[in-house]
Amino acid sequence: MDVIEAMETCSAARYLKPDPVPQDLIERVIYAATRASSPGNSQEWDFIVVRNPETKRKIRDLLAPRFKAMAVGLPTTGRAPSKMIAGAMHLAETINEAPAIIFVCGPVAYPPNQPLEQFVWSALYPAAQNLIVAARSLGLGTTFTTFHMFMESEIRDLLGIPQEIKLGVMIPIGWPQNDFVKVKRKPISSVIHWDKWSD
Ligand SMILES: Cc1cc2nc3c(=O)[nH]c(=O)nc-3n(C[C@H](O)[C@H](O)[C@H](O)COP(=O)(O)O)c2cc1C
């Protein structure tokens, strides 16, 4: 698949089938993630792939009520939650049914002489974006999430993640229930500034 076509149809897949994803495909998307750029080619990233049903259930039990409590204050369409919030709620409530949940994480380690936290995120986000685009090219659905922020200390305990490792992105992955759709984004004419900010 053409890479731009994969990017423009890499819509968040919040409704996933429970059907298993072969390990070699998980390794393929992590391979793609680790082809990303990172500061000084430091490659300070790690990927925790959670497939254990009991662990996924514990994650769901932590996440779903907290997400629900937060979602009460979010925008609605009329009286119903927006499609995005409804989808995120569904994902939170069923995340244990996703064949795998990938945590993209890494240490504060760059630059080596004086590590700065901002460089962790600048490594983890491009890797996560590569991962979701690669998954899309293979027909796998993902959602780029920060769901871990609702339960970070519990996730650390559950997965044995040391304090010095920062959690960047939590990505459920599986075969999508729905077709991928073209993402809706601003037209480039509204974001490009040729030569200077304004003319
Ligand atoms: C940093 C970041 C955090 C996100 N966190 C969540 C999240 O916690 N839950 C979720 O369902 N989607 C999350 N998303 C996905 C966005 O909501 C989604 O990409 C956006 O609504 C556009 O939808 P589309 O990609 O399907 O076009 C996140 C995306 C980014 C980049």
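Preceding this section is the structure that the text describes.
Here we summarise the structure given alongside this text. This structure is a prediction, so every number in the text was calculated from the model and none was measured. (Residues numbered from 1 in each chain as written. Predicted model: local features only at pLDDT ≥ 70, side-chain atom pairs only at ≥ 80, totals over all residues. Heavy atoms only, no water.)

The tally for this structure, following the rule as stated, stands at 7 salt bridges. In this structure, Glu 8 engages Lys 182 in a salt bridge whose closest nitrogen and oxygen atoms are separated by 3.9 Å. Taken together, the residues span a long stretch of sequence, with Glu 8 in helix H1 (residues 3–8) and Lys 182 in the segment after strand E6 (165–174) at a distance of 174 residues. Of the charged contacts, one joins Arg 156 and Glu 152 as a salt bridge, the two residues approaching to 2.9 Å between their closest N and O atoms. Within this pair, Arg 156 and its partner Glu 152 are both found in helix H6 (residues 152–159), separated by 4 residues, close to a single helical turn. For Arg 156, a relative accessible area of 6% translates into the label buried. The partly exposed category is assigned to Glu 152, whose relative accessible area is 29%. Through salt bridges with shared partners, a single ionic network connects Glu 54, Arg 57, Arg 60 and Asp 61. (Salt bridge = Lys/Arg side-chain N within 4 Å of Asp/Glu carboxyl O. Helix = DSSP H or I, 4+ residues; strand = E, 2+ residues; numbered from the N terminus. Buried < 20%, exposed > 50% of the residue type's maximum accessible area, 1.4 Å probe, protein only.)

It is worth spelling out the site of the ligand at this point. Within the structure, the ligand sits among 13 residues, and Ala 12, Arg 14, Met 84, Phe 144 and Arg 185 are positioned closest to it. Between the ligand and Ala 12, the relevant distance is 2.8 Å, taken from an oxygen atom to a main-chain nitrogen or oxygen of the residue. Separating an oxygen atom of the ligand from a side-chain N or O atom of Arg 185 is a distance of 2.8 Å. For the ligand, the protein covers 66% of the area, taking 630 Å² as the surface of the free molecule. Class assignment for the residues of the shell around the ligand results in 7 nonpolar, 4 polar and 2 charged. (Near = heavy atom within 4 Å. Polar contact = N/O pair within 3.5 Å; in protein donor to acceptor, adjacent residues only side chain to side chain. Areas by Shrake-Rupley, 256 points an atom, 1.4 Å probe, with all protein chains shown as cover. Nonpolar A, V, L, I, M, F, W, Y, C, P; charged D, E, K, R; others polar.)

An order of E1-E4-E6-E5 is seen for the 4 strands of this open sheet, with the pairing classed as antiparallel. In this open sheet, the two edge strands, each paired with only one partner strand, are strand E1 (46–50) and strand E5 (141–142). Where E5 lies against E6, 2 bridges are found, and the strand directions are antiparallel. Counted as the bridge partner of Thr 142 is Ile 173 from E6. Against the sheet, helix H2 (residues 23–33) makes contact with E1, strand E4 (100–107) and E6, and its axis sits at roughly 160° relative to E1, the strand it touches most. (Pairing = 2+ DSSP bridges. Contact = heavy atoms within 4.5 Å. Axes fitted to C-alpha atoms, helices over the stretch in contact; angles between N-to-C directions.)

Before going further, it helps to examine the environment of Val 108. Tracing the chain through its elements places Val 108 in the loop between E4 and helix H5 (117–137). Note on Val 108: relative accessible area 29%, which makes it partly exposed. Sequence-wise, Val 108 and Trp 45 are 63 residues apart; in three dimensions their C-alpha atoms are separated by 9.8 Å. Ignoring sequence-local partners within four residues, the contact set of Val 108 consists of Pro 115, Leu 116, Glu 117, Val 120, Glu 164 and Lys 166.

Inspection of every chain in the model, using the stated rule, returns 4 aromatic pairs. Judged by centre distance (5.7 Å) and plane angle (75°), the ring pair of Phe 67 and Phe 150 falls under edge-to-face. With Phe 67 in helix H3 (residues 53–71) and Phe 150 in the loop between E5 and H6, this residue pair connects regions lying 83 residues apart in the sequence. The buried category is assigned to Phe 67, whose relative accessible area is 5%. For Phe 150, a relative accessible area of 25% gives the class partly exposed. Measuring from centroid to centroid gives 5.2 Å for Tyr 110 and Phe 119, while their planes differ by 80°, and the two rings are edge-to-face. (Phe/Tyr/Trp six-rings, centres within 6.5 Å; stacked < 30°, edge-to-face > 60°.)

Within the element layout of this structure, Lys 58 appears in helix H3. Through-space distance from the C-alpha of Lys 58 to that of Gly 168 is 20 Å; in sequence the pair is 110 residues apart.

Further remarks concern the pairing of E6. Within E6, 9 of the 10 residues are buried, leaving the element largely enclosed by the surrounding structure. The sheet contact formed by E4 and E6 spans 8 bridges and is antiparallel. The partner of Pro 107 across the bridge, within E6, is Ile 165.

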